[in-house]
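Commentary on secondary and tertiary structure
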Amino acid sequence: MAYSTGIMNKRVLILNKVTPTQADFGETTQYEVQSCVWANVTWNRGVKALREGALDSYDTVMFRMRYNSVVTRESRILYEGVTYQIQSLHADQQENIVQITATEIIK
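These figures come from a predicted structure and were not determined experimentally. (Residues numbered from 1 in each chain as written. Predicted model: local features only at pLDDT ≥ 70, side-chain atom pairs only at ≥ 80, totals over all residues. Heavy atoms only, no water.)

The tally for this structure, following the rule as stated, stands at two aromatic pairs. For the pair Phe 63 and Tyr 79, a centre-to-centre distance of 6.1 Å together with 80° between the ring planes defines the contact as edge-to-face. Taken as a pair, Phe 63 in strand β3 (residues 61–66) and Tyr 79 in strand β4 (residues 76–79) lie far apart in primary sequence, 16 residues in all. Classification of Phe 63 as buried rests on a relative accessible area of 0%. Relative to Tyr 84, the ring of Phe 63 has its centre 5.6 Å away and its plane inclined at 65°; by these criteria the two rings are edge-to-face. Of this pair, Phe 63 sits in strand β3 while Tyr 84 sits in strand β5 (residues 82–92); the two residues are 21 residues apart in sequence, bridging distant segments of the chain. For the pair formed by Phe 63 and Tyr 84, the shared burial category is buried. The structure contains a cluster of three or more aromatic residues connected by ring pairs, namely Phe 63, Tyr 79 and Tyr 84. (Phe/Tyr/Trp six-rings, centres within 6.5 Å; stacked < 30°, edge-to-face > 60°. Helix = DSSP H or I, 4+ residues; strand = E, 2+ residues; numbered from the N terminus. Buried < 20%, exposed > 50% of the residue type's maximum accessible area, 1.4 Å probe, protein only.)

It is worth spelling out the sheet that holds β5 at this point. If you trace the six strands once around the closed barrel, you get β1-β2-β3-β6-β5-β4, paired in antiparallel fashion. Put simply, the sheet's adjacent strands are angled 45° from each other on average, direction ignored. Summarising the sheet, β4 and β5 pair through four bridges and their orientation is antiparallel. Each bridged residue has a counterpart across the sheet, and for Arg 76 the counterpart in β5 is Gln 85. (Pairing = 2+ DSSP bridges. Axes fitted to C-alpha atoms, helices over the stretch in contact; angles between N-to-C directions.)

Let's shift gears to the environment of Val 12. Mapped onto the secondary structure, Val 12 falls in strand β1 (residues 10–17). Take Val 12: its relative accessible area is 0%, and that puts it in the buried class. Each C-alpha atom of the pair Val 12 and Trp 38 lies 6.0 Å from the other, and the pair is 26 residues apart in sequence. Aside from chain neighbours lying at most four places away, what touches Val 12 is Ser 35, Cys 36, Val 37, Ala 39, Val 41, Phe 63, Met 65, Ile 77, Leu 78 and Tyr 79. (Contact = heavy atoms within 4.5 Å.)

What follows concerns the side chain of Thr 83. Looking at where Thr 83 falls in the secondary structure, it is placed in strand β5. Not counting residues up to four positions away in its chain, the partners in contact with Thr 83 are Leu 15, Arg 76, Ile 77, Leu 78, Thr 103, Glu 104 and Ile 105.

What follows is the structure, encoded as structure tokens:
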């Protein structure tokens, strides 16, 4: 599966878990914005599927961004109002790059 590279021109928010307080007991896990970054975003089904809006729960999205230490395997990605769960993360501090494969969280 090939992903394109290019200019990092998409605004992406990194969400991390909020430490639960006693008031949150029994609530679902909460996330808050930790960082706003610029990324290159590529879908694995190509441009045609993206244009047709034909993405489904089996599609993955590649986010490629500059290295950011707040991104962990447990983080979530918020892009264009949709939340994505990280499936794999490759961070290379020496190359100053983070490459993430993620899937949309279906509600």
